[in-house]
Structure formats: C-alpha cells, structure tokens
2 protein chains.
Amino acid sequence: MLEASLTAMTYDAARLAPMANAIRALSMDAVQAANSGHPGMPMGMADVAAALFANHLKFDPSRPDWADRDRFVLSAGHGSMLIYSLLHLTGYQRPTMEDIRNFRQLGSPCAGHPENFLLEGVECTTGPLGQGLAMAVGMAMAERHLNAVFGDDLVDHRTWVVAGDGCLMEGINHEAIGLAGHLHLGGLNVLWDDNRITIDGSTDLSTSEDIKARYEATGWHVCECAGHDFDDIERALEEAKNTARPSLIACRTVIGKGAPTKQGTSATHGAPLGPDEIVGAREALGWHADPFEIPAAILSDWRDIAARGQEASGAWAARLDASPHRAEFQRRMAGDLPQTDALNEHIAELIQNPQNVASRKASEIALAAINPAIPETIGGSADLTGSNNTKAGEIGAFTADDYAGRYVYYGIREFGMSAAMNGLALHGGVIPYGGTFLVFTDYARGAIRLSALQETRVIYVMTHDSIGLGEDGPTHQPIEHLASLRAMPNILVMRPGDAVETAECWQIALEQKDRPTILALSRQNLPQYRLEAAPGNLSARGGYRVKSADAARKVAILATGSEVGLALESAKALEDQGIGTDVVSMVCTELFDEQDEAYRADILADNALLVSLEAGSTFGWQRYTGPNGLNIGIDRFGASAPGKDLFSHFGFTPEAIVSQIQNKLNA
Amino acid sequence: MLEASLTAMTYDAARLAPMANAIRALSMDAVQAANSGHPGMPMGMADVAAALFANHLKFDPSRPDWADRDRFVLSAGHGSMLIYSLLHLTGYQRPTMEDIRNFRQLGSPCAGHPENFLLEGVECTTGPLGQGLAMAVGMAMAERHLNAVFGDDLVDHRTWVVAGDGCLMEGINHEAIGLAGHLHLGGLNVLWDDNRITIDGSTDLSTSEDIKARYEATGWHVCECAGHDFDDIERALEEAKNTARPSLIACRTVIGKGAPTKQGTSATHGAPLGPDEIVGAREALGWHADPFEIPAAILSDWRDIAARGQEASGAWAARLDASPHRAEFQRRMAGDLPQTDALNEHIAELIQNPQNVASRKASEIALAAINPAIPETIGGSADLTGSNNTKAGEIGAFTADDYAGRYVYYGIREFGMSAAMNGLALHGGVIPYGGTFLVFTDYARGAIRLSALQETRVIYVMTHDSIGLGEDGPTHQPIEHLASLRAMPNILVMRPGDAVETAECWQIALEQKDRPTILALSRQNLPQYRLEAAPGNLSARGGYRVKSADAARKVAILATGSEVGLALESAKALEDQGIGTDVVSMVCTELFDEQDEAYRADILADNALLVSLEAGSTFGWQRYTGPNGLNIGIDRFGASAPGKDLFSHFGFTPEAIVSQIQNKLNA
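1. Brief notes about the sheet that holds strand β18 (residues 630-632) of chain A
Residues and elements named next belong to chain A.
Link 1 in the chain: On the basis of which strands lie adjacent, the open sheet formed by five strands has the order β14-β16-β15-β17-β18 and mixed pairing. Looking at the sheet topology across the chains shown, the edges are occupied by β14 (544-547) and β18. When the angles between neighbouring strand axes are averaged without regard to direction, this sheet yields 30 degrees.
Link 2 in the chain: In terms of strand pairing, β14 meets strand β16 (residues 580-585) through three bridges, oriented antiparallel.

Below, the structure is given as structure tokens:
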C-alpha cells in the first residue's frame, strides 16, 4: 500500500522546477533581509532537495515526532535556509513565514545554523562541519538497532544527509564513513553538494582528492547525478536506495544556481547576493512573486507532498497500537527509564562488601547492574574496551551481522564515536555511552560541545583521569581537562571518588534527559569510603561532607575523585594535631552550584580554611576557596613514571598536603 | 660522493637480522623491567626500522641538530622503545643504557611516549594518535620551503614516519594526507606498520577500509613489502624514494614478532610479555645476551652506520661555510628574529592615525608590517582567509608549483593545519601562524595541546572570538573557549582590545621561542583607545591600566578584548557619578600571572570592587576578583542575532554594566 501511494505521488521535473525555485527565492530573500547568511548552498541544492522531499523522504509535517520518520540531516548547516524553506513549504507548524522573515534575528527559530532545540524537523544542530554526517551515522545505527529489537513494522526508515565539501574534508568524515561502511549502514544516504567551491575559492586551492574513490575504499556505494536534472536525480536516488551499503550521491551542482553573475563562485557562499543580483536571479528563474510570497499553485504542490507521509504515519500508528511492543517502544522513545532497583541494590551490595577498586572498575561493575536492567543502553569504546571497562553485563557486539548487539567497537575514532553517540541519542530509543581516556576529550571536544548544546543524554566514560595513570606520561595525563570541561555550559562533569559514588554518578547520568555527562574515572585503585547506607543519592548534591570535623573546624578540604581518599588520610593527620577538618567530596561542581545558597554556604564553611585538592589544574577552584584559600593541584604538564611516584613527585601525599595546610594556617 | 658512500655502506639481510633483534631484546626487556609499556610495535617493526636507519636515513648521531638531517617521526609513539633503541644503538649521546634501564621511571628521558624536549633525535612528541604523521607533513612542508629559499646545497632531506593502524584510523589522518597529497610532498615517506591488530583485537572489529586505495585516492604513491624480508623492505624503500608523490609503504608485519606464543595478537600491544614468554623469545630469536647487553659485534655494526651520516654532515657543513646564505640560514634555524623596527613603526603609525577596526583587521595590518620584515613567517587559514584576515604583506601561496610561497591554503582542516604548524615549527627555520574561528579550537585542541607541551612557537590567529560574531549563532560563538585554553599549561592566550594592543600581542607572540600563542580577535569593529606613545610594549605586562580612576577609586574593571572599550564607556558613566573606576586591559592572564606580586597587587587594587568583564564564561575570573567581586560574563550558550543585539541581550551595554556595579556597591 505504501508502495502504491509512493508511485501515485511522484513529482516530475515540470512540477519540481518551480517548487525548487521557491527554495531559491526564500533563501536569497531571507539572506538579503538579514544582510547575513549563506545563499549559495540552498540555491545550489534546491533541485536535489525538492526531489528528495517530494518523492522519497518519509515524513509527516503534522507529526514531526513520528518515531519511524526518515531522518533528514543538513550537515552543511550554514545552508540553513534550505531546511527552513523545506519545513515551511511542506507545512510544518514552524517556521512560519514570519519566522523566515526574521531569519537570523533574535528570537526567530530560523537561527543562522539549524538548532534542534528550536524547530521540529531539525533533527540535529549543524554548522560545525562534518558533524552532521557523523551524527547521521549514529541515527542510522539507532535505526538498525531498534529495527532488530522491534521489527520492520515499527522501525524501518532511512537517514538522509546533505553534506558539502567542508563536511567531507574534515577529519571526522573519515571516522564517520569508516564506521558506517564497516557496519553496512545501507539506510544511510549522503547527498554531496559537489559544487567545487569553498569559502576561500575553488576546492583546487586545497584538495586534489578523488572523493568518490575514497568512499569506495571505505565500503560505500557511490553514484553521481547532474544536480539540476530531475530525471538524473531521481535515477541516482533510486540507485542509492537499492544498495545494501551506505551510499554517497555526488550531486554535481552550481553553487548559487540562478544568480546570474555570481553563480558558480565563492561570492555566493556566505554573503547576501545584493539587490541587483537578486533582481537578475528573479529574471533568470522566472520568479515574479514578491519576497516571502509563494504563488498559491506552487505552495499547493509543496503542501500536497504531506499526504504521502500522513498516510504512512497513520498506518504506522495503527501497527503500533496493535503491537505487543507498544508500551516498551513508547517508553524508550519517550526517553523514560524502566522501573528498576538494580543500581540501588548494587549500592547496597557495595555497602555490604566494599570494593577498593579503580573507579573505572567500579564503573564496570555498575554497568553490570545497569545493562541487564536498562535494555536501551548502547555502550562502546574507541578501541580501549579493556582500559575503559565499558563492556559489562553480557551485552554482545553491535555488528553488521547483529544489529541487536549493544556494544560498539568504535575503533580509534574518538570524535566519530562521540558524534555517533549524539546521533544515537537524538534518534531516540537508546541511551549511548562510550569510553576513551579523559585526555582524549581533546579529540572529541567538538562533539562533546554539541552534546551539551543539543541537550542530549550522552554519557562519556572517560578513564585514566589524572597523572595517576602513570607511565604513559604527559601526552596521556589530563591536567586542564576537568577545568576546561567545567567551563562548558550544560554538561555534568563528575569525578566520583569510590565505588559507591561511581554507582551514584551513573544513576544521575542516566536520569539526565537533557544534558550529557562526563564520568572522569581513575586508572588506579581507590579505597571505598562510603561504608554506610545513605538516605538517597548523596552525589546528587554535587558536593557533600564525607567527613565532618571532629575537633573544632579549622579546615575544609574540597576534593574530587581519587583525591578524596587522600583528603581523608590528610584529615586524619590534621585531626591528630587537633585541627578539625571537613572533607567534602565535590563530585560534580555543576550540581553543587545548583543547590540552594544555604546548603552551599554550609559546605563552604566560612570559618574554615578552604582547600581544593585535585590532581589537575587549579584553574577555577578559587570560586570556592576564595583568594585566601589554598589550591592544591597541578598547573604544569605531567611526567612519565609509575602513578605512585608521580603523586609523590607532585605533592599528592598526606604529608605534603598536611604540611601545606599547616603552613597556610600559620601564615 | 654521497651516492658512493651510500652504496658502500649498504647493510644486507645477514647483517641486519641480528641488529633488528637487538631492538627486539631491548624493547621486551625494558618493558618487562618497567612492568609497563608496548613491546608489540617495536618488535614488529624492528626489521623495517633497522633497514631504514642502516641504509637510508640521513642522520649524524654526533650532530643531532644538523639542519639538513632527515626527520624521523615515530607517529605510533606508544612503541617508544623502538626509537630509544635506535638512538642508543646508533650512538646518540642519550639515551644511555642506564636511561633505557629506567624506561618509564621518573627522571629518565625514556618516557612512556617519546618527548621532543627530553631527547635529541626525537623530532616531536608522539602518543596522541595520528598527530605524528600530521606533524611530519608540516616538517616536509618546511623542508620544501627552505629548499626553495636556500637551495639543494643547504636543504634537501626527507621526512620518514612510522605509523600504526591507530594513526591511520584517526580523523586527522584524512586531513594530513589530503594536504600532503595536494602539495606533492614527495619527500614524505610513511612506513605503515600493517599488523592488523589494535588494542581491542583484530582491526576487523572496527574497520573494513581499503587503506591503500584511500591513500591512492588522495594522491599518494602506495607500495607494500613483507615487513620481515629485508630484500623486500629494501625494494620498497627504494621505490618510495623514487616517486615524486608522498608515499605510503604498507609493511606487512607480525606484531610482537619473536614472542613465541603471543606474536600476532593484541596481547603484545600494551603489556609486558612476561618472563616465560621472554625466555621463549630469546630462544626463538637466537638472542643469548643478558638483558640490556648488546653483543659487541652487533653494537659495532649499529655504530658503523654513523659514518655515512658523519661524512654527509661534514660535507654539508663545508657547503654551509661557503654559502652566501650562511648567516641568514643560521639565524633562521636558531629561531632568532631579524633586527626590525617594523612593528614599532607600525604602532607609531597607529598612534598618529588611530584605526577603529576589528582586531582581526588590526591583525591583518600588523601582518602587513610583519611579513615583509620577517621572512620566515608562513601564514595560512583553514579555509577562512577572508574572515581571519591572515593573508597580508604580499605573500604568495605555498603550492606544489611554488614552495617559496608563504601562504598555505590549508583547506577545511583545522586539526591538520594545527598539527602541520607544529611540524613547521619543530623543523625550524620558519614561524607558522594560521587561522580559524576561535570556537573551532575545539577541533584542533589535540594539536594545540601538543604545541604547548612541545614548546613550539606556533601562533594561532583565532577570530570571531565571542557572541560579537553575531548571526552565525551558538555553534560558532565561543563561550568556554578562553577559559578552557587558559587552563592549559604553557600557552599564551591573548585577547587584545584595540589595534595597538593587537600589534603588541603579535610582537610578543613572535618573541616566544618556546611557547605557542592564541590570538583571540574580534569580528566586529573596536575603538582604538591606545592613543599615546608608550615607553614599551604595555601588553607584555599581561594586564595594565588603560585608565586610572579620576574620583576616589571604588571600582576596578578587568576587561579583555572587545570588552575593554565597553569598560571605558562604563567607567565614564561611573565617574560621572563620582565613582572612581580603573579600567584594566587584562590582555593575557598568563603574562599577568608572571609579574611580581607588587605589580599584581597594585593592579588588583584591594580597596576596590573588582569586576571582571568578558563576553565568555566567567569560569576562572574569581581568582582575580575574589568571592566578593563581580563577574560579568556569559555562562550559557549564545544565540543567533546581529552582534549588537546579542551584546544588549546578554547585558553587555554600559547601562547594564553600570547598573550591575551600582547594585553590587550598594549591596
């Protein structure tokens, strides 16, 4: 039935040409009105996009959250007027024409680059080049996984990407397509806007690559089309759909197509065409409507597209209603966790049988409880499975032969992994987590920022979180990383200090529907100091007293992760000298900052010397300790030696800490 | 003459085999002694490396700083025992056998990963995968450039790289080889340790790529060899040397070659073999010497290699002595700047004719003075030339047809560009600078960290440094970037506020022989407030008073970059109300922190309300303002709108600032 309706609705060249020109007109007019933006890409890809939306894309503008819709990703996000035009023309509630008139103005959902949190139909935030395509890989992975779990009736859709030369030149492209090719993600189709122009000019300035050969070398199907010939576009789209491999369609286009003197040049890339050129373009395109007006017949053609998707989404809804999987499928897509006591039971078990293990190991045993209880987790590692301890709970590998698997061997692709996790989370129905060393957040930072900006539930399992990793030396030892991640908005940076806190942090991370979490975990073993049952999740306060001063309080040590145990040892020595000392585990400063003022003031006791203790940069700790406090950290690069020797070398021993505190008290 | 000596010295298989086993023995014994490290790669690549050093590499252990030496880069840095073995065996002063015995111990130059600042002969710090190869691209670029400038007599050498599967899987590999292929860097030869093993296991777990086809698609020559067959290795090395394109040599090897039960498996990758396996390996290799002892005949064979290089370096020294370019060549290789008043004259001109321009434009006009006066600068941009304003001073493009050019069109390759700049700087003889948007330091962060760790003079021209960039929206607006870079050791983060400060910052950056600089520059125009000649470079203090309080000092505003002008406007309004206000331009906090305590205390006047003002994260500013100060910044993501509207929206107007300060004073 779906097939029949598809055939009936096919749009031919005669019908598509003016529809595509509507995109061109809106794009050039909106950019001109904003006096800022990128007309070249939307005008160049208008024909391909019109053909895709009219004849192939499975979507229903009246149900933008339809779980089985095709995902459309505008990886070349600077061409945002393309997607705004498409959403408006096909009948999404937003953007309205007024929104488009206010392109790039404060408050308009038509932002300079598409933002997933501003408009339905924008599947992800794009603009940072290469990441849209890499997120699409994650979406296609989620689709295959959910298909394996729930079957064709509920999950069977494609992921379409529009990418530019920039997306393909970025390093992340290599990681993304390597993963997609390896996993045989045949539902992933990339429409490459092959216009041979970048900002600086011709692509010849900086590249000589045979892109099609590179994609073929990476296991992709490659075809091409004349990007302004609707019959040829149709042929290529059909070819791409009929291959079991992910496919690249090289769409040979003219950037700024329609601009009489500027088309085909970098002048159309990122600046308004100017009034004269726009007059000429209207003439060349035969477009005589006023700015922001779409002739009724053309708009009607656009709106008619929706019928196909509405029929399909209705049929799908009926299948869902009849499905035995309905409740579970809806729960997962809503992002609600299942009812489970698995983590609480795990914590109770830890209280009974304390584990003096590395927090990476504590994370593994937490995952052994989590993964069986929460079937939507999808784990993985960038080739550090045994170091990140990310494979636990009897989950099998996610492979081209078994998409039901829940563990991804991401390969040595930190950035690609992180972007794929964003795509997994944005698709919905799964909760991705993945590991590498904390220091290599540097490689993945572009994607971590997009996790935060896009408000995705992605859990980064970042092990080897200090000089405590030892011999691998300064290239592998994080120093500034905790500070640099804490400076980022909307992300939780958690550094648990023992096995109980690690489990608590996992619990918190899983509950964050709209923000990512970094779990910073130790390589080295840590003593378990949480030995009594607590009334709730103590780590949820962000910072709490692990030990209160016995003698009159003179010192409060604010420590994180592996340094909490050290703080407790130091406090013991201080108490022996009659110096009352609090130890606060500052497990997550973002959560601490969200507590009420009274709580924070109580923890940051103003009658005490406030000491921060963290084996990393002291940058930022002064906001808690004040100028008269003491900041014990490491503000230089590390060194290669056994972890214990390094802790001693950098002054992270009870003796050295006590001595520093005494000196400060006596000063 | 060089040719003749090369032929005479050729080492054949019979001689090389035991020499290679010396590498294997040292590697497995050192890793075992350290109880930590990576024996698999050195044992697998021992044959290839022995052949390369014995018969091809141009080097002189007695003159490790010989400018025309071949550069050897161990991109797979975890296999550090390979290079330590090679340096020791060929007769470098360090590492001694004692150093090797102390592999991975505190104080040994034989760190877990090779560090350029610990050992001569280690051309760059490697370990973070993919970057060694990408730095080698920069070294090969420097070689071609200096060859074009100084001729074959002084500069004509190769760049050799040993890379593993991890280096090739990382995204940066795509960027690096794309650049090298485009630039026809025929002197670059990559020896790929094709052992089909990664940490997680077989490469089949995560990749299906045809690597050779990918390299060919990118303009590389590709050949292969049996990595344990010396004749075949020799053939392949000759083939690679005789091509005008950069070449990849796929060396088919067995990881951990010689370990009787573990070779060929990931068990040899990153852990000691264990005593039993080592006994077995000794047997298998016919190696009967004690640990850390090299039989005299074998050591003698290794040491004899040096003669070839010594002869060549001697001949080269004679050519240099006779060269009319000698003084200039030596100056450049020493990293000394030429005598020039160009920047001082430029600043004097600015005082005469103030320029109210964006600091990116101020940077361009500074470069127009710098580039003609300092011929060793090599500029570029990651496809944002017109936005970063990096092409100035009549420098031509560096292309495959003209290596004398000084401007690199790096393409959309931020990470590759930054790593190449590290390579350019490490090679010596050039001073690289390159641009992108500040927000995309996220893409390049792995390389920026290696600039800092390796103590390289790399100048990052990072424009569009705040919400002031406007309409492009939150993906393009830095928030946490200044803070996150300030947390990194050994890098100057400079945010000049007007044209004079921008020129001063360039002056300082150029003078930093052993650290990189980030110049954070505005998109929008800024008023020039430095209108009087100064006794020296005021920005060199890191922070200094642009304006002292007129009325009794009650407030000191610490501002950076585009907010200094705003601080001056706000101060004027405060003074009108009788509130004496200092304005400090905190142009570089790292330099400010290096000033003596009296200077810092004077600037951070303790009788004043200290206010930080920066259109970015407030994270870290509390170290100056204290807990009772006021931090005006942006601790959330930005938005899409014209820059002026955003400044107003986020409270960056004199009215809003004055109001906040008044409220704080009255509180």
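2. Notes on the interface of chain A and chain B
Link 1 in the chain: Counting residues at the interface gives 94 residues for chain A and 94 residues for chain B.
Link 2 in the chain: At the junction of chain A and chain B, the tally comes to six salt bridges.
Link 3 in the chain: Ionic pairing is found between E480(B) and R449(A), a salt bridge with its closest N-O pair at 2.8 Å.
Link 4 in the chain: Top contributing element to the side of chain A that touches chain B by residue count: helix α19 (residues 441-454) of chain A, with eight residues.
Link 5 in the chain: Class assignment for the residues of the side of chain A that touches chain B results in 36 nonpolar, 34 polar and 24 charged.

3. Regarding the relation of the copies chain A and chain B
Link 1 in the chain: Superposing chain A onto chain B takes a rotation of 180 degrees plus a shift of 0.0 Å along the axis, which leaves an RMSD of 0.0 Å. The transformation relating the two chain copies, once decomposed into turn and shift, fits a two-fold axis.
Link 2 in the chain: The residues that chain A uses at the interface reappear at the interface of chain B in 100% of cases, marking a shared surface.

4. Some remarks on the packing of helix α4 (residues 80-90) of chain A against helix α12 (residues 296-304) of chain A
Residues and elements named next belong to chain A.
Link 1 in the chain: Relative to each other, α4 and α12 sit at 90 degrees, their axes nearing to 7 Å. By the angle between their directions, the pair α4 and α12 is classed as roughly perpendicular. Counted together, L86, H88, L89 and T90 of α4 and L299, W302 and R303 of α12 form the full contact between these two elements.

5. Some details on the pattern of salt bridges
Residues and elements named next belong to chain A.
Link 1 in the chain: What the rule picks out here adds up to 70 salt bridges over all chains.
Link 2 in the chain: A salt bridge links R196 to D194; the shortest N-O distance between them is 3.8 Å.
Link 3 in the chain: Notably, a salt bridge pairs D465 with R495, separated by 2.8 Å at the nearest N-O pair. Residue D465 is found in the loop between β11 (459-463) and α20 (481-486), and its partner R495 is found in the loop between β12 (492-494) and α21 (499-511); the two are separated by 30 residues along the sequence. Note on accessibility: D465 and R495 belong to one class, buried.
Link 4 in the chain: Salt bridges sharing partners connect three or more residues here, namely E328, R331, R332 and E376.

6. Some details on the confidence of the model for chain A
All names here are of chain A.
Link 1 in the chain: On average, chain A scores 97 in pLDDT, and the residues at 70 or more come to 99%.
Link 2 in the chain: Contacts of residues 1-9 to residues separated by more than four positions or lying in other chains number eleven contacts, the stretch itself having pLDDT below 50.
Link 3 in the chain: This prediction of the complex comes with two scores: 0.98 for pTM and 0.97 for ipTM.

7. Some words on the packing of aromatic side chains
Residue and element names in this part refer to chain B.
Link 1 in the chain: Counted by the stated rule, this structure contains 37 aromatic pairs over all chains.
Link 2 in the chain: An angle of 85 degrees between the planes, with centres 5.4 Å apart, marks the rings of Y433 and W506 as edge-to-face. Pair noted here: Y433 is in strand β10 (residues 431-437) and W506 is in helix α20 (residues 499-511), with a separation of 73 residues, a long-range link.
Link 3 in the chain: Note on Y433: relative accessible area 1%, which makes it buried.

8. Points about the pairing of strand β16 (residues 580-585) of chain B
All names here are of chain B.
Link 1 in the chain: Of all six residues in β16, six are buried; the element is thus mostly enclosed.
Link 2 in the chain: Here β16 shows a buried face lined by G580, D582 and V584 and a second buried face lined by T581, V583 and S585.
Link 3 in the chain: Across six bridges, strand β15 (residues 553-559) lies against β16 in parallel orientation. Paired with I557 across the bridge in β16 is V583.
Link 4 in the chain: Handedness of the crossover joining β15 and β16 through helix α21 (residues 562-576): right-handed.

9. Overview of empty space enclosed by the protein
Sizing a probe to match a water molecule and rolling it over the atoms shows the empty space that remains.
Link 1 in the chain: Here the structure, examined in full by the defined rule, presents eight cavities of 30 Å³ or more.
Link 2 in the chain: Of the volumes computed, that of the largest cavity is approximately 100 Å³.
Link 3 in the chain: The set of elements that each furnish at least two residues to the lining of the largest cavity consists of α8 (171-182) of chain A together with α8 (171-182) of chain B.
Link 4 in the chain: Across the lining of the largest cavity, the residue classes tally to six nonpolar, two polar and four charged.

10. Overview of helix α13 (residues 306-322) of chain A
Residue and element names in this part refer to chain A.
Link 1 in the chain: For α13, spanning 17 residues, the distance from its first C-alpha to its last is 24 Å, which sits close to the expected 24 Å at 1.5 Å a residue.
Link 2 in the chain: Within the span of α13, buried status applies to A306, R308, G309, A312, S313, W316 and L320. One side of α13 carries all its buried residues, which in axial view fall inside an arc of 150 degrees. The exposed set on the far side of α13, more than 90 degrees from its buried face, consists of D321 and A322.

11. Focus on helix α16 (residues 359-373) of chain A
Link 1 in the chain: End to end, α16(A) covers 21 Å across 15 residues, agreeing with the expected 21 Å (1.5 Å per residue, within 8%).
Link 2 in the chain: The complete set of buried residues in α16(A) reads S359(A), R360(A), A362(A), S363(A), E364(A), A366(A), L367(A), A369(A), I370(A) and N371(A).

12. Quick notes on the environment of L531(B)
Residues and elements named next belong to chain B.
Link 1 in the chain: Inspection of the secondary structure puts L531 in the loop between β13 (517-520) and β14 (544-547).
Link 2 in the chain: Separated by 183 residues in the primary sequence, L531 and A348 have C-alpha atoms spaced 9.7 Å apart.
Link 3 in the chain: In this structure L531 touches I351 and P354, once residues within four positions along its chain are discounted.

13. A closer look at the sheet that holds β13(B)
Residues and elements named next belong to chain B.
Link 1 in the chain: On the basis of which strands lie adjacent, the open sheet formed by six strands has the order β9-β8-β10-β11-β13-β12 and parallel pairing. Strands at the two margins of the open sheet, each flanked by one partner only, are β9 (407-409) and β12 (492-494). Averaged over all pairs of adjacent strands, the angle between strand axes in this sheet comes to 20 degrees, irrespective of strand direction.
Link 2 in the chain: Judged from the three bridges that link them, strand β8 (residues 377-381) and β10 form a sheet pairing that is parallel. By the bridge assignment for β10, I378 is matched with P432.
Link 3 in the chain: The strands touched by α20 are β8, β10, β11 (459-463), β12 and β13; relative to β11, the strand with the most contacts, the crossing angle is about 150 degrees.

14. Side note on unusual backbone geometry
Residue and element names in this part refer to chain A.
Link 1 in the chain: That bond from R94 to P95 is cis: its omega, 5 degrees, falls within 30 degrees of zero.
Link 2 in the chain: Residue position: P95 is located in the loop between α4 and α5 (97-101).
Link 3 in the chain: Phi is positive for N35, which is not a glycine, with a value near 55 degrees.
Link 4 in the chain: Along the chain, the position of N35 falls in the loop between α2 (13-34) and α3 (40-55).
Link 5 in the chain: For N35, a relative accessible area of 56% corresponds to the exposed category.
Link 6 in the chain: Residues other than glycine seldom take positive phi values, yet H184 does so here, at roughly 55 degrees.
Link 7 in the chain: By secondary structure assignment, the location of H184 is in the loop between α8 and β3 (188-194).

15. A few points about the packing of α3(A) against α4(A)
Each pair of packed helices can be described by the angle between their axes along with the distance between the axes.
Residue and element names in this part refer to chain A.
Link 1 in the chain: Relative orientation of the contacting elements α3 and α4 amounts to 40 degrees, with a least axis distance of 10 Å. Considered as vectors, α3 and α4 are oriented oblique to each other. Judged by the twist between their axes, the crossing of α3 over α4 is right-handed. Of the residues in α4, those in contact with M41, P42, M45, A46, A49 and F53 of α3 are M81, L82, L86 and T90.

Rules of the game
- Residues numbered from 1 in each chain as written.
- Chains lettered and ligands numbered in written order.
- Predicted model: local features only at pLDDT ≥ 70, side-chain atom pairs only at ≥ 80, totals over all residues.
- Heavy atoms only, no water.
- Pairing = 2+ DSSP bridges.
- Helix = DSSP H or I, 4+ residues; strand = E, 2+ residues; numbered from the N terminus.
- Axes fitted to C-alpha atoms, helices over the stretch in contact; angles between N-to-C directions.
- Contact = heavy atoms within 4.5 Å.
- Salt bridge = Lys/Arg side-chain N within 4 Å of Asp/Glu carboxyl O.
- Nonpolar A, V, L, I, M, F, W, Y, C, P; charged D, E, K, R; others polar.
- Least-squares fit on C-alpha atoms with pLDDT ≥ 70 in both.
- Parallel < 35°, antiparallel > 145°, perpendicular 65-115°, else oblique.
- Buried < 20%, exposed > 50% of the residue type's maximum accessible area, 1.4 Å probe, protein only.
- pLDDT = per-residue confidence, 0-100.
- Phe/Tyr/Trp six-rings, centres within 6.5 Å; stacked < 30°, edge-to-face > 60°.
- Right-handed = clockwise from strand over helix to strand, strands pointing away.
- 1 Å grid on protein atoms, 1.4 Å probe; cavity = no way out; pocket = protein on both sides within 12 Å on 5 of 7 lines; lining within 4 Å.
- Points joined across faces, edges and corners; volume = space filled by probe spheres on them.
- Expected span 1.5 Å × (residues − 1).
- Arc of directions from axis to C-beta.
- Left-handed = near helix turned anticlockwise from the far one by under 90°.

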